[in-house]
There are 2 protein chains.
Amino acid sequence: MPGARLFLTGFSGAGKSAVGRRAAALLGWEFADTDEAIVKADGRPIPRIFAEEDEAGFRRRERDALRGILDRERVVVSTGGGLPLDAENRRLMEGAGLVVALDARPETIAARLAGAQGGARAESMARPMLRPEQGESALERIAALKRERQWAYALAAWTIQTDALSIEQAAHEAARAWRRLGAAALHGGDSHVAAIVVGGEAAYPIVVGWDILEAQTGQRFVEAGLRGRAFLVCDQNVLHPYGRLVQRSLTAAGVEAHLFTFPPGEASKSLTMAGRVYEWLAEMRAERRDATVAVGGGVAGDLAGFAAATYLRGMPVVHAPTTLTAMVDSSIGGKTAVDLDAGKNLVGAFHQPVLVLADVSALTTLPPRELREGWAEALKHGVALDAGLVEVYESQADALLALEPELTTEVVARNAAVKARVVTQDERETGGARTLLNYGHTIGHALEAASGYGRYLHGEAVAIGMTGAARIGAAHGVTPGEAVERQQALLERFGLPSAYDVVDSAAILDAMTRDKKVSAGAVSWVLLDGVGSASIHRNVDAETVREVVEGLRAG
Amino acid sequence: MPGARLFLTGFSGAGKSAVGRRAAALLGWEFADTDEAIVKADGRPIPRIFAEEDEAGFRRRERDALRGILDRERVVVSTGGGLPLDAENRRLMEGAGLVVALDARPETIAARLAGAQGGARAESMARPMLRPEQGESALERIAALKRERQWAYALAAWTIQTDALSIEQAAHEAARAWRRLGAAALHGGDSHVAAIVVGGEAAYPIVVGWDILEAQTGQRFVEAGLRGRAFLVCDQNVLHPYGRLVQRSLTAAGVEAHLFTFPPGEASKSLTMAGRVYEWLAEMRAERRDATVAVGGGVAGDLAGFAAATYLRGMPVVHAPTTLTAMVDSSIGGKTAVDLDAGKNLVGAFHQPVLVLADVSALTTLPPRELREGWAEALKHGVALDAGLVEVYESQADALLALEPELTTEVVARNAAVKARVVTQDERETGGARTLLNYGHTIGHALEAASGYGRYLHGEAVAIGMTGAARIGAAHGVTPGEAVERQQALLERFGLPSAYDVVDSAAILDAMTRDKKVSAGAVSWVLLDGVGSASIHRNVDAETVREVVEGLRAG
């Protein structure tokens, strides 16, 4: 099984030692160097080993040195220039961690080696191969030897071209490669990890289980590499028992944990409440190495997440969602926000958590209406992205509504995986993939805005919006009748509304044009092509939209 | 001269066409494919060209196709798998844009090519080289041919290993490579560009000149790739003439430009004022493609920058600094923040601008005290990081204090370059480099906090802090007496204070422990090793600090 090890391969002069040392510091790891290990074990400097034995002798010692280093974890390993040519060495490294190649053009390497001559760096010991043969310039020798070896460097999992980078920048690239590609592999054997989100800068696990909050929060907080204090943010209803459970778990793991509570409800997702969180963090003298922990539903996640994104220009956040919506949707993907009077979620940041820990057993204490609204996003994931999930909903509705532990945990985990996959594809909603998650949200958001937040819960508004989107799709010949009907049946089965009252349709239509996904004034509609499949449409007829929105009014 | 062109090289099946198309969409560019261009020009499909001519004939057509594409700008070019083997082709690409290699392991390529068989994609036309010879498996043939060619792919400026990435993710990596490494090259011949900041996600130019605000803002806004509206944020004192000049320049370039003004002074750097900016942006229905433009000093930059970082979870920001501090320091590097009662800059975000445009002539209308305070950060750059700059300050003080246009512009540009270099090395202040910019700020920040913001301007507090840091350094045997004296002489020559009054030293010492750079409770001190050279010290004696802070009191 792979471990927390980062191997740097590449030609002499690519910067493996200097970059490796700095990358180790950035990750908080140790540093090791196979050439140094050889010299330490053998006692002779490398040029003497080469002179007194043959290359094969050196390669044997090199492999022993590599094997010796594999006993260690949390280590960045700089490897000799010829080490990855050997298939067994590559197998050892690939089995033990992430292999990243540092590369540079022959001209860059020649200049660096010329500059380093006489230096006492370990790497300079390993250069007997680089002595030019007769009639050959140093650059020619480098280019020729590098050309021979390039195929082996190309077998790394990631490559960093260092020509235009400083050591610091190259080290950041190496740490980034680990955080994105390496860290994910560590969770392979963990049955509680439902999915890994791979973002541009880092990857993080979504842990889903039944009754895991007290047993696992503290330990996973520490395993996620967090070394500071925990600042819990939860609403007054969630404090008992979940806020306290999380606090207890953290304390038991040796993590100092403090609690901030706020009044339940969307009204707390405000700049004013964010200001109170800031004042609390300032009073507690929170530092960048500490983390906020959101315990609760979407409001707690958004509030704690936004505060974490902006306090001291960014500190880590952990999400411990306790509502269904938060577990399958809002805790995953790094969207954080607060509301303005002018609209929901208008102010916020993309700030990926370092860990999401969803304890599905928390659903058993959720008020019925809040549990119901949570199914809206879960049904949406199925209807728009995963036909298999729809079949589970259709065949197992009773067990799911009864919160049968094993099945519900499995369905929440599968939903988390759907969301994680989409977010991994399109972290910042710049492409198409993440936009598909907005299925049902164009009308949904507008209905919430027009009715004054609170009249409809978010999931209720989304359910009505899904009904509207299906009808618009049908009117445009995009959505087949079967999909409209199956969606309708599911919404009913899970107790979700498909019509609004009280509000005026004109107000909904007006609010729709204010939605922040509006791009250059045109509304992009996500419509169903069939069950489990959605796509984006930009030429939806305004008159059809008006008719559908009017028709959604109960009456 | 290189242009806005991104060339994707790599073996068949590395994903050049699919990734190239998507990267072009992300950049808002066109897409071209050398294989498609060959077929279009020749009329025959590629396998027939290969069958009816020889490889050399194909390579000639390939080079002609590449040459033809070089007429276009803002284009992502997918190139044939063998194209970069040719030195002339490589020379053409390197001279015309950025070359990025897409790579994948032979196993990945074999699986992708097997999956794509029968597909009509352009790339599949170019595979006659891949027919296995007798007794060879497809994988062996791929591995062997790739091994032969790897040296040429390795000559790219950047490499993206696509094995573990989706097309979307690989396209984001390609766009990132362009934004970081390619975009910078475009500014090579522009004499107004004082420096380029290369961040983790993008690079941006710092334009410095005399009397350039009206002449250049609009045009450079468009050249920076901004296609939306401009939302200007400036204080009521800066509105005339600079806010209006910028607005006029933008309007002349066809950019719709709106203005928000706020009361001058640090008190406007608040969550409350940020809230007003948000409400204004909401009222104007600002979108993610629009940009905020900060015109003014540090407060405007921080306020507009923080609003841009958080409105709609992030929109672009342009800085047009009009104070010396903002030109040489605060507009560069992406730090944005607002203050809390508990401390300055406690809430904020790292949000790099897309463009910084410093019109040095604006300094002529600055009140004398604000101009004076600006020299503090400029002197700090010299004293801590650039001994040559100190010599300029010492020999040209009169001309600089008189704001002699050519010299002042040159010195501002050189300061911007110092700051840009440090920020490029350490974008998020995780390493040592950026910390060095805090020279003089530990005492400086504490003095500002303890005296109630406003009693001392930031630069005045920093000047006093620099005096304190020099004395602490001298007491620890780190800072030579010559450095202490030269710094002291410069501070005096530029009219900056080196002692405080009114405040109590105990209050300063207390405020120091609240500084957000505090890491695990220990204060890191930046001390001078000599003129132009500083380093970080963690074991500074508390008693010495107390004595120095007390000794800094005037009287």
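Residues numbered from 1 in each chain as written. Chains lettered and ligands numbered in written order. Predicted model: local features only at pLDDT ≥ 70, side-chain atom pairs only at ≥ 80, totals over all residues. Heavy atoms only, no water.

**Brief notes about the interface of chain A and chain B**
Piece 1. If you look at the interface, chain A gives 72 residues, while chain B gives 72 residues.
Piece 2. Taken together, the two surfaces of chain A and chain B that pack against each other cover about 5800 Å², and 51% of this comes from carbon and sulfur.
Piece 3. When residues of chain A are sorted by the area they lose upon contact with chain B, Gln-161, Arg-285 and Arg-313 of chain A head the list and together hold 13% of the total.
Piece 4. Our enumeration of links across chain A and chain B arrives at six salt bridges.
Piece 5. In this structure, Glu-173 of chain A engages Arg-176 of chain B in a salt bridge whose closest nitrogen and oxygen atoms are separated by 2.6 Å.
Piece 6. One can count 21 residue pairs in polar contact (both at pLDDT 80 or more) joining chain A with chain B.
Piece 7. Top contributing element to the side of chain A that touches chain B by residue count: helix α8 (residues 167-185) of chain A, with seven residues.
Piece 8. Considered class by class, the residues forming the side of chain A that touches chain B number 29 nonpolar, 19 polar and 24 charged. (Contact = heavy atoms within 4.5 Å. Buried area = accessible area lost by both parts, 1.4 Å probe. Salt bridge = Lys/Arg side-chain N within 4 Å of Asp/Glu carboxyl O. Polar contact = N/O pair within 3.5 Å; in protein donor to acceptor, adjacent residues only side chain to side chain. Helix = DSSP H or I, 4+ residues; strand = E, 2+ residues; numbered from the N terminus. Nonpolar A, V, L, I, M, F, W, Y, C, P; charged D, E, K, R; others polar.)

**Some thoughts on the pairing of strand β4 (residues 98-103) of chain B**
Residue and element names in this part refer to chain B.
Piece 1. Of all the six residues making up β4, six are buried; the element is thus mostly covered by neighbouring parts of the structure.
Piece 2. Covered by surrounding structure in β4 are Leu-98, Val-100 and Leu-102 together with Val-99, Ala-101 and Asp-103, the residues of both alternating faces.
Piece 3. In this structure, strand β1 (residues 5-9) lies alongside β4, joined through four bridges in parallel fashion. Directly across from Thr-9, in β4, lies its bridge partner Ala-101.
Piece 4. Where β4 and strand β5 (residues 158-161) come together, four bridges link them in parallel fashion. (Buried < 20%, exposed > 50% of the residue type's maximum accessible area, 1.4 Å probe, protein only. Pairing = 2+ DSSP bridges.)

**Describing the relation of the copies chain A and chain B**
Piece 1. Take chain A, turn it by 180 degrees, move it 0.0 Å along the axis, and it overlays chain B with an RMSD of 0.1 Å. Taken together, the rotation angle and the small translation identify this as a two-fold axis.
Piece 2. When the interface residues of chain A are mapped onto chain B, 100% of them again fall at the interface, so both copies present the same face. (Least-squares fit on C-alpha atoms with pLDDT ≥ 70 in both.)

**Examining helix α5 (residues 87-96) of chain B**
All names here are of chain B.
Piece 1. Regarding α5, the residues found buried are Asn-89, Arg-90, Leu-92, Met-93 and Ala-96. Here the buried residues of α5 occupy an arc of 160 degrees about the axis, which is enough to place them on one side.
Piece 2. Where α5 is buried, its residues touch β1, α4 (55-69), β4 and α7 (138-153).
Piece 3. By the N-cap criterion, in which a side-chain oxygen at the helix start approaches the backbone nitrogen of a residue two or three places on, α5 is capped by Asp-86, the distance to Glu-88 being 3.0 Å. (Arc of directions from axis to C-beta.)

**Considerations on the packing of aromatic side chains**
Piece 1. Applying the stated rule across the entire model yields 14 aromatic pairs over all chains.
Piece 2. Aromatic pair Tyr-278 of chain B and Tyr-311 of chain B: ring centres 6.3 Å apart, planes at 20 degrees, arrangement stacked. Placement of Tyr-278 of chain B in helix α11 (residues 271-283) and of Tyr-311 of chain B in the loop between α12 (298-310) and β11 (317-321) is noted, with a sequence separation of 33 residues between them. No difference in accessibility class separates Tyr-278 of chain B from Tyr-311 of chain B, as the two residues are buried.
Piece 3. Geometrically, the ring pair formed by Trp-375 of chain B and Phe-494 of chain B is tilted, given 5.0 Å between the ring centres and 50 degrees between the ring planes. Of this pair, Trp-375 of chain B sits in helix α14 (residues 368-385) while Phe-494 of chain B is found in the loop between α20 (481-493) and α21 (505-512), placing the two residues 119 residues apart along the sequence. Taken individually, Trp-375 of chain B and Phe-494 of chain B each receive the classification buried, so the pair is uniform in this respect.
Piece 4. Here the aromatic cluster, defined as three or more aromatic residues joined through ring pairs, consists of Phe-231, Phe-260 and Trp-280 of chain A.
Piece 5. Looking at Arg-313 of chain A, its charged tip hangs above the ring of Phe-350 of chain B, at a distance of 6.0 Å from the centre.
Piece 6. Its end group placed over the ring of Tyr-456 of chain A, Arg-455 of chain A keeps NZ or CZ at 4.7 Å from the ring centre. (Phe/Tyr/Trp six-rings, centres within 6.5 Å; stacked < 30°, edge-to-face > 60°. Lys NZ or Arg CZ within 6 Å of the ring centre and 35° of its normal.)

**What to know about the environment of Ile-38 of chain A**
Residue and element names in this part refer to chain A.
Piece 1. Looking at where Ile-38 falls in the secondary structure, it is placed in helix α2 (residues 34-42).
Piece 2. Accessibility expressed as a relative area gives 2% for Ile-38, which makes it buried.
Piece 3. Ignoring sequence-local partners within four residues, the contact set of Ile-38 consists of Gly-43, Ile-49, Phe-58, Arg-61, Glu-62 and Ala-65.

**Focus: the environment of Gly-301 of chain A**
Piece 1. Topologically, Gly-301 of chain A is positioned in helix α12 (residues 298-310).
Piece 2. Sequence-distant contacts of Gly-301 of chain A, that is, excluding residues within four places in its chain, are made with Ala-294 and His-319 of chain A.

Keep in mind these values describe shape, not function.
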